[in-house]
Amino acid sequence: MEFEKQKIWGNLIAADLFFSGIGGGCFFLSFLLEIQNKYGPISNLGEILTPIFISIALLCLLFHLRIPIRFYRVFLNPSSWMTRGSVILSIFFISSLLYSLPSFETFNWLPWSKASSLGRVILIIAIAFSLLNMIYPAVLLSVPKHIQSWEISILLPLFLFLSLYTGLAVLLLITISYVRILGDQTITILHMLGKIGIMLIIIEIFTLYIFTKTMLNGNQPAKESIFLLIKGELMPLFIGGVVIIGLIVPFFMFISSIFIVSMPPLLILAGVSGLLILMGGFLLRYVIVKAGVYSPIYIERSII
Amino acid sequence: MKEEIFEDVWIPTACNMCFAGCSLRVHRVNGVVIKIEGNLESPNNLGRICAKAHTAIMELYSPYRIKVPLKRTNPEKGIGVDPKWVEISWDEALDITARKLKEIKAEDPRQFIYQDMDFQGLIVDLPWLFFAFGSPHWVLSGGGIQCGGGTHTAAEQFNAAFVELPDVAHCKYVLQIGSGFGFGSSYGTSVLATQEYADARLERGMKIVTLEPWLSVPAAKADEWIPIRPGTDLAFCLAMLNVLLNDLEIYDAEFLKKYTNGPYLVDKDGSFFRDVKEGKPLVWDPEDEKAKSFDDQNVKDFALLGTYKISDKEYKPAFQVLKEHVKQYTLQWASKITTVPAETIKRIAKEFSETASIGSKIKIDGKELPLRPATIEYFKGAQGHKNSWWFCMTANIICAVVGGIGVPGGRIGFGPDMAPAPDGSMQRGPAHQLPSGYPPKLEELERVYESGHIDRIDLGDLFPAGFDNCQLAYVGILEKEKYKIPYAIKAMLIEHSNPIHSTGNKEIVAEALKKIPFIASIALFIDETTEFADIVFPESHFLERYDFLVNNRCAWEAWAGKYHFIETLRQPVIKPLYNTKSGWEILIELADRAGFLFGAPKTPQEKWINNMPPPGDGGYNWWLNYFYIGDPENQLELNKKYKVEEIIDRMGKSMSKCDLSRSISAFVHPEWKGQDEFAHGIEWYKEHSFITRKATPEEIYPLTLKKGFRVPIYFEFMKKTGEKVKMTTEKLGIPWDTSSYVNLPDWFPNPAESSPSDYDMYIVSYKTAYTTHGKSAFNVFLMEQMKKDPYFTKITINYETAKRKGFKDDDEVWVESVEGYRIKGRLKLSEGVHPEVLATGSTLGHWVDIPDAKDTGTNFNELIPISVEDTDPVSGNMDLARKVKIRKA
Amino acid sequence: MRYGMVIDLKRCINCRACSIACKMENVTPPGIFWSDVLTFESGKYPNVKKTFIPTLCMHCGDPICVKVCPTGASYKREDGVVLVDYDKCFGCGYCVVACPYQVRSLNEKSSQYFLSELTPYERRGYPLHKVGVAEKCNFCIEKVEKGEEPACVETCQAKARYFGDLDDPQSEVSKLIRNRHGFQFHREFGTDPSVYYLSA
């Protein structure tokens with residue numbers, strides 16, 4: 001029996017989820033770096049990039065709509081996860097923007113700073129919404145319960161850690177671009193990020209493994225979605241893009257980077273792995289969206 | 001901005017998307033046809049319509065329609081050759097064509113072929129062709145010749161009808177063989193039959209057992225699907241008959257004695273023992289111990305069994321002869337040929353005969369009738385073979401043996417006007433309008449013998465017991481010397497017919513068409529055959545024209561409603577969109593310009609035969625009066641040209657005044673005779689759409705209610721007819737197989753049985769409820785549905801077979817027949833098909849340049865040879881079960 | 001009053017009249033089918049069956065499409081009919097993806113059946129649709145309000161479709177569901193469809 005997969009959502013929805021994930025991960029990790037009080041420039045840049053990522057996410061959603069001019073209507077149904085997601089994105093956009101602006105001299109005149117009580121309130125909101133930002137795509141996809149592969153208990157950790165992972169990639173790239181300012185600190189930071197990266201990769205691979213195994217033990221539509229990924233038309237993107245380029249290669253890059261202490265090779269490794277992670281991160285969102293196989297109302301059986 | 005509605009009307013008319021002619025109501029708003037629905041008041045379809053009727057709108061508005069008359073400027077004709085059409089006026093197109101017709105009529109009208117597939121137009125087409133013009137050549141394409149050979153000849157002899165059908169309203173068990181009747185797809189769709197079958201299955205638990213080579217819709221819905229090798233249904237029936245007569249010994253003795261020729265005494269040579277004076281067949285009265293005439297009022301009982309000595313000669317009742325004869329057809333023998341397990345055949349025979357409840361009765365409208373609620377239904381799948389005639393007869397014999405012919409629950413027909421022949425056999429009454437196979441046309445054979453020539457281009461003279469042989473017209477054209485045909489075809493008029501695509505292998509038809517110097521085509525679309533035309537007449541769509549009596553008495557669907565007669569007016573719902581005319585208008589114009597519209601017959605009445613002047617004498621107006629306008633007040637003036645509406649008006653007003661004294665009077669309507677309340681003019685019909693009345697039990701079940709009829713279980717005329725055919729063909733030096741002219745059913749294998757063993761697969765074709773003609777593929781909405789179906793545009797093959805041969809789903813393959821014909825298609829693997837069978841959707845594989853239709857699916861007909869050797873020598877049906885082999889493309 | 005439909009799978013013969021009647025009544029653009037018939041094969045030769053299942057919008061009692069629609073364009077009426085307001089929808093496609101029965105379509109781009117021209121029938125009918133929005137079966141609610149039945153019910157050759165008030169225990173549909181154990185598809189999703197099926 002042939003199973004149909006969803007054809008309505010594609011690049012732009014994947015990109016929307018991708019950028020919102022990066023935004024959340026980037027902000028969260030930037031915040032973790034910030035509280036160490038050592039990596040100011042990186043976290044500042046990470047935090048200010050966040051609203052840019054979020055606005056790209058919102059723009060992707062806008063361009064996905066067939067009638068973009070009605071975009072404002074996305075906020076109108078509180079029980080819809082698309083409405084909720086757009087609200088989350090919007091609040092996150094505002095709070096991350098407001099939180100990060102005071103770090104720059106041009107915005108000194110703002111009546112709050114990162115340390116002020118207003119700033120702290122904004123921070124709490126921003127952190128909370130960065131987490132929500134990393135979580136809501138999984139919930140959005142899990143609402144159509146007849147798409148077995150969009151299973152919340154798997155997508156939630158998968159997307160959460162993926163968001164952190166892609167956020168990490170952004171920080172890697174930021175670190176490299178600040179090498180002049182950071183000097184030798186760069187190596188320490190890159191090693192630290194590398195270790196976090198290794199942990200995230202192991203968690204991602206483990207989650208993907210659980211995902212695959214759960215689906216293979218499920219009913220036929222569930223199996224179909226995995227077959228699409230591991231031997232069907234999405235195989236090159238999944239195995240090649242997500243697993244190898246997005247996870248395995250960066251894994252080995254990170255491992256080897258631990259033993260490297262000289263700058264140029266480390267910078268190259270970091271830069272390349274950052275780009276590969278971003279590519280793999282986008283592709284994972286993309287293949288998950290594309291492998292949404294519908295459960296039909298009736299499944300043919302080969303034995304009556 | 002809401003549109004202002006200045007017109008919102010519903011107009012009743014009759015559908016033309018298949019043969020059924022369902023009653024429609026068409027919605028026109030502001031000059032645009034927007035919806036078609038069924039007419040709730042009509043018993044024809046009880047307010048429901050099939051998918052095709054709905055899509056008539058897109059056929060009407062299709063931009064591929066021919067909009068203006070065309071003339072060919074490229075003298076070369078061939079498949080894929082550009083005709084290089086130029087647009088011409090109607091006058092030019094009609095004049096050119098009429099000139100040719102005039103020449104041919106004066107010289108020899110046999111040189112003209114009317115290639116037609118619009119069965120609803122028969123009423124007006126055939127008098128024009130057969131009688132006003134004088135040519136006997138009515139040639140059909142796919143829908144007319146692949147399917148009807150044995151069917152119609154059996155219907156004639158068993159029910160004095162053109163078509164037989166199960167009496168669903170009283171039936172409990174249908175053994176359905178190769179037929180989609182009741183499931184949306186037989187010779188039309190028959191919305192009504194679908195409803196009746198569904199009601200019978202759901203409300204009365206009617207059981208259906210299907211014999212099919214693949215899991216078609218009937219097989220999928222049936223209680224049991226028995227896969228069978230294509231073309232071997234006759235073997236199944238012979239074994240079943242043997243089980244009934246010799247194993248279970250279940251038969252309806254009463255019925256056989258009174259209503260069949262079972263008791264007729266047969267001598268050693270196989271002929272009936274006849275009385276010396278009147279030649280009537282004799283029966284043995286066991287109580288009086290003497291032979292008496294079959295219709296002697298003093299017969300006390302009829303012997304069905306035994307051997308009787310009369311004047312030193314031995315005679316047996318025909319039933320005894322049949323019983324002994326079928327002993328050779330054992331279950332094991334049949335199982336080997338059909339691949340159906342022996343126990344299954346026996347079980348079906350048992351179920352069938354037990355459910356038939358021999359001896360049971362029912363009261364209908366105060367009349368007591370036998371009730372036999374088990375029957376056999378069959379159509380193209382079973383009878384589309386070289387053994388067509390004998391398959392159909394055998395299936396009917398089985399029904400007759402349990403008393404289930406012409407009775408409630410059994411196999412009935414639409415033949416209320418039957419008249420018994422002197423020997424008790426059925427003859428279709430004078431009101432029957434189509435060619436016939438019974439009584440055998442021996443006078444035609446005699447004429448051939450005397451003259452040394454064949455008269456009919458389709459060799460019809462050599463088919464005294466059949467008439468579905470018109471595909472042999474192409475053989476006749478190509479081999480006229482071999483078949484002693486003393487003339488050549490000089491012109492052909494095509495109406496709605498696409499023989500190159502729908503008959504058989506296209507090269508054969510194309511070669512034949514190339515030999516016809518002038519071809520004119522009345523068509524909606526430029527189809528594959530119209531590409532060979534010299535003149536093209538753009539036809540008005542059925543929503544744009546008038547037609548009448550479209551539910552004509554051929555009664556494709558037999559009874560409309562619950563046993564109603566019906567005749568409908570087709571009226572235009574919209575003015576013709578383009579510069580088109582209806583087929584009838586074109587025929588009138590051609591008759592006028594060719595000089596056979598006006599005038600009375602010139603032959604003096606003393607010289608008339610069967611109350612009719614010879615064909616070709618008398619104008620079309622005269623013949624329309626003769627057949628349809630029996631009321632002198634309404635008759636057409638012989639030298640005036642009338643519009644179609646006026647003719648319809650007069651026909652309608654004369655419905656109750658048909659003159660049955662005009663025998664052979666093929667086209668009158670006795671069901672309305674004398675009933676002036678049904679005589680209406682066209683204005684009445686425009687509002688009310690149709691006339692209808694319920695048939696009486698005598699009209700529905702005449703066999704047991706009218707006196708004197710007997711159905712055949714023994715075909716005494718066959719041997720004698722075969723001898724005459726042999727004699728005639730030997731004299732003319734024409735090789736001809738007469739081995740199937742025997743008096744009792746025998747197994748006649750199809751050519752497939754002797755194909756070389758490397759051609760190891762059979763191929764069959766099928767249709768759906770939303771495809772009827774080849775032109776279904778030109779309809780975008782229908783084509784969309786065909787493509788959505790998982791099987792239809794592909795070639796279905798059994799999973800195991802495919803695995804064994806190394807094929808996967810969607811593989812592209814070449815399918816090649818023994819003759820070397822090939823088609824290409826994609827495979828669909830399925831469990832629902834016999835391991836030796838490939839099944840492919842029909843009406844596809846077009847090559848004419850209409851988007852969507854072009855190159856979608858594959859054309860099954862390409863694999864069918866058109867030849868005498870692959871034709872049933874008795875009925876003329878083509879053989880459709882071909883052996884093929886497949887290989888990857 | 002809750003409008004509902006009953007489809008008898010035992011009667012359905014896959015004639016596609018319902019699918020086409022719907023298309024002709026509503027002039028749906030190429031490739032969009034508000035009503036469809038699916039074919040499923042089960043078993044192993046020779047014990048094989050084909051099941052034909054007509055599908056259309058289930059007009060669920062608890063519709064997922066209404067829940068997920070961010071704009072409020074998809075809404076459910078008092079009488080149970082679920083509709084799409086073409087003036088509010090912006091074509092995100094969430095409802096199309098979320099519908100467990102895959103009976104919604106997104107009218108993605110302007111199209112017509114014949115490349116060369118737009119037939120008068122299409123010219124009249126396509127303005128009833130809007131490019132860019134989701135669309136689906138609406139139970140022919142305009143016909144129903146005039147006292148008629150949906151186009152698919154009216155045309156069904158095998159009398160396999162019934163339409164009526166599910167809230168009225170004496171209606172034909174309620175009786176059929178009771179007497180023939182009518183079932184709903186995908187009960188596990190809790191959508192409570194208004195379309196019931198009688199088994200084949």
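Our subject is the structure listed above.
Residues numbered from 1 in each chain as written. Chains lettered and ligands numbered in written order. Predicted model: local features only at pLDDT ≥ 70, side-chain atom pairs only at ≥ 80, totals over all residues. Heavy atoms only, no water.

On to the overall build of chain C, then. Check the secondary structure of chain C and you find 7 helices and 9 strands. When the backbone C-alpha atoms are referred to their principal axes, chain C occupies close to 45 × 40 × 35 Å. Counting across all 200 residues of chain C, residues that qualify as buried make up 67%. Within chain C, residue pairs in contact and separated by at least 24 positions form 61% of the contacts whose partners lie at least 6 positions apart. (Helix = DSSP H or I, 4+ residues; strand = E, 2+ residues; numbered from the N terminus. Buried < 20%, exposed > 50% of the residue type's maximum accessible area, 1.4 Å probe, protein only. Contact = heavy atoms within 4.5 Å.)

Take the pattern of salt bridges next. This structure, assessed with the given rule, holds 78 salt bridges over all chains. Here B:Arg110 and B:Asp455 are joined by a salt bridge, their closest N and O atoms 2.3 Å apart. One end of the pair, B:Arg110, is in the loop between helix H2 (90-107) and strand E6 (112-116); the other, B:Asp455, is in the loop between helix H15 (442-451) and helix H16 (472-478), with 345 residues separating them in the sequence. As a salt-bridge pair, B:Arg693 and B:Glu699 come within 2.7 Å of each other at their nearest N and O atoms. We classify B:Glu699 as buried; its relative accessible area is 14%. The network of salt bridges with common partners includes B:Lys35, B:Glu37, C:Glu25, C:Lys143, C:Glu148 and C:Glu154. (Salt bridge = Lys/Arg side-chain N within 4 Å of Asp/Glu carboxyl O.)

Residues and elements named next belong to chain C. Across the sheet, 3 strands lie side by side as E8-E1-E9; this open sheet has mixed pairing. Two strands in the sheet have a free side with no partner beyond their single neighbour: strand E8 (161-165) and strand E9 (195-198). Going from strand to strand, the sheet's axes swing by 20° on average, the running direction of each strand aside. Of the strand pairs in this sheet, strand E1 (residues 3-8) and E8 are connected by 5 bridges, and their pairing is antiparallel. Across the sheet, residue Met5 finds its bridge partner in E8, namely Phe163. (Pairing = 2+ DSSP bridges. Axes fitted to C-alpha atoms, helices over the stretch in contact; angles between N-to-C directions.)

A separate point is unusual backbone geometry. With an omega of 0°, the peptide bond between B:Tyr438 and B:Pro439 qualifies as cis. Along the polypeptide, B:Pro439 turns up in the loop between strand E22 (426-427) and H15. Looking along the chain, the bond that leaves C:Tyr45 and enters C:Pro46 is cis, with omega of -5°. Positionally, C:Pro46 belongs in the loop between strand E2 (36-44) and strand E3 (47-55). Phi angles above zero are rare outside glycine, and B:His496 is one such case at about 55°. Relative to the helices and strands, B:His496 resides in the loop between strand E23 (491-495) and helix H17 (499-502). Despite not being glycine, B:Asp855 shows a phi value in the positive range, around 60°. Looking at where B:Asp855 falls in the secondary structure, it is placed in the loop between strand E33 (837-841) and strand E34 (882-888).

Take helix H11 (residues 331-338) of chain B next. Residue and element names in this part refer to chain B. Every buried residue belonging to H11 is among Leu331, Ala334, Ser335, Ile337 and Thr338, and all of these are buried. Buried residues of H11 fall within an arc of 170° about the axis and therefore sit on the same side. Facing away from the buried side of H11, by more than 90 degrees, are the exposed residues Gln332 and Lys336. Tucked into the core, H11 has its buried residues touching helix H8 (233-247) and helix H12 (342-355). (Arc of directions from axis to C-beta.)

Before going further, it helps to spend a moment on the side chain of A:Asn133. Residues and elements named next belong to chain A. Turning to its location among the elements, Asn133 is positioned in helix H4 (residues 117-142). Assessed through its relative accessible area of 0%, Asn133 is described here as buried. There is a polar contact of 2.6 Å between the side chain of Asn133 and the backbone oxygen of Ser20. Apart from residues no more than four positions distant in its own chain, Asn133 is found in contact with Ser20, Gly21, Gly24, Ile54, Ile88, Leu89 and Phe92. (Polar contact = N/O pair within 3.5 Å; in protein donor to acceptor, adjacent residues only side chain to side chain.)

With that settled, consider the interface of chain C and chain B. With 49 residues of chain C at the contact, the number on the chain B side is 63 residues. Surface buried jointly by chain C and chain B totals about 4700 Å² across both partners, of which 57% is contributed by carbon and sulfur atoms. The largest share of the area that chain C buries against chain B comes from C:Tyr45, C:Arg124 and C:Gln157, three residues that together contribute 16% of it. In this structure, the connection of chain C to chain B is made through 8 salt bridges. Per-element accounting of the side of chain C that touches chain B gives the leading share, 7 residues, to helix H1 (residues 17-26) of chain C. Residue classes in the side of chain C that touches chain B are distributed as 22 nonpolar, 9 polar and 18 charged. (Buried area = accessible area lost by both parts, 1.4 Å probe. Nonpolar A, V, L, I, M, F, W, Y, C, P; charged D, E, K, R; others polar.)

Between chain A and chain C, the residue contacts involve 37 residues of the former and 44 residues of the latter. At the boundary of chain A with chain C, total buried surface from both sides reaches about 3300 Å², with 63% on carbon and sulfur atoms. For chain A, the biggest contributors to the area lost against chain C are A:Arg66, A:Arg70 and A:Ile297; these three give 22% of the whole. Residues C:Glu108 and A:Arg66 are paired through a salt bridge, measuring 2.3 Å at the closest nitrogen-oxygen approach. Per-element accounting of the side of chain A that touches chain C gives the leading share, 3 residues, to helix H3 (residues 81-100) of chain A. Class assignment for the residues of the side of chain A that touches chain C results in 22 nonpolar, 9 polar and 6 charged.

By size, the foremost hydrophobic cluster in this structure holds 223 residues, and its most contacted members are B:Phe112, B:Trp128, B:Leu175, B:Leu493, B:Phe537, B:Tyr620 and B:Val815. In contact with B:Trp128, not counting residues within four places along its chain, are B:Leu101, B:Phe112, B:Phe133, B:Leu493, B:Leu587, B:Leu590, B:Ala591, B:Phe596 and B:Tyr620. Of all hydrophobic cores here, the second largest spans 159 residues; its members include A:Tyr165, A:Ile187, A:Leu234 and C:Ala134. (Core = buried A, V, L, I, M, F, W, Y, C linked by side-chain atoms within 4.5 Å.)

Okay, the sheet that holds strand E16 (residues 313-317) of chain B next. Residues and elements named next belong to chain B. Pairing is antiparallel across the open sheet formed by 3 strands, whose spatial order is E12-E16-E15. Of all strands in the sheet, those bounded by a partner on one side alone are strand E12 (265-266) and strand E15 (308-310). Bridge count for E12 against E16 is 2 bridges, and the pairing is antiparallel. Its bridge partner being in E16, Val266 is matched across the sheet by Lys316. Here helix H10 (residues 318-325) sits on the sheet in contact with E12 and E16, set at roughly 80° to E16.

Okay, the pairing of E33(B) next. All names here are of chain B. Among the 5 residues of E33, 5 are classified as buried, and the element is accordingly described as predominantly covered. Because side chains alternate across E33, one face comprises the buried residues Val837, Ala839 and Gly841, and the other comprises Leu838 and Thr840, equally buried. Pairing analysis gives 5 bridges linking strand E29 (residues 761-766) to E33, with the strands arranged parallel. Within the sheet, the bridge partner assigned to Val764 lies in E33 and is Ala839.

Before going further, it helps to spend a moment on a positive patch on the surface. Residue and element names in this part refer to chain B. Taken together, the side chains of Arg822, Lys824, Arg826 and Arg887 define a basic patch exposed on the protein surface. It is strand E32 (residues 822-830) that contributes the most residues to the positive patch, 3 residues altogether. Within the secondary structure layout, Lys824 lies in strand E32. (Patch = residues over 30% accessible without salt bridge, like charges linked within 9 Å, V, L, I, M, F, W, Y side chains within 5 Å. Areas by Shrake-Rupley, 256 points an atom, 1.4 Å probe, with all protein chains shown as cover. Lys, Arg positive; Asp, Glu negative; His and termini not counted. Charge placed at Lys NZ, Arg CZ, Asp CG, Glu CD.)

Okay, the packing of H2(B) against helix H19 (residues 583-594) of chain B next. Residues and elements named next belong to chain B. Where H2 contacts H19, the two axes come as close as 8 Å, and the packing angle between them is 60°. Relative to H19, the element H2 lies oblique. Handedness of the crossing formed by H2 with H19: right-handed. Contacts between H2 and H19 involve Trp90, Asp91, Leu94, Asp95, Thr97, Ala98, Leu101 and Lys102 on the former and, on the latter, Ile586, Glu589, Leu590, Arg593 and Ala594. Across the contact of H2 with H19, the residue classes break down as 7 nonpolar, 1 polar and 5 charged. (Parallel < 35°, antiparallel > 145°, perpendicular 65-115°, else oblique. Left-handed = near helix turned anticlockwise from the far one by under 90°.)

Attention now goes to the environment of B:Lys52. Residues and elements named next belong to chain B. Here Lys52 is to be found in helix H1 (residues 51-60). Overall, the relative accessible area of 1% leaves Lys52 in the buried class. Here the alpha-carbon distance between Lys52 and Cys18, two residues 34 residues apart in the chain, equals 8.3 Å. In terms of polar contacts, Lys52 uses its side chain to reach the backbone carbonyl oxygen of Ala769, at 3.2 Å.

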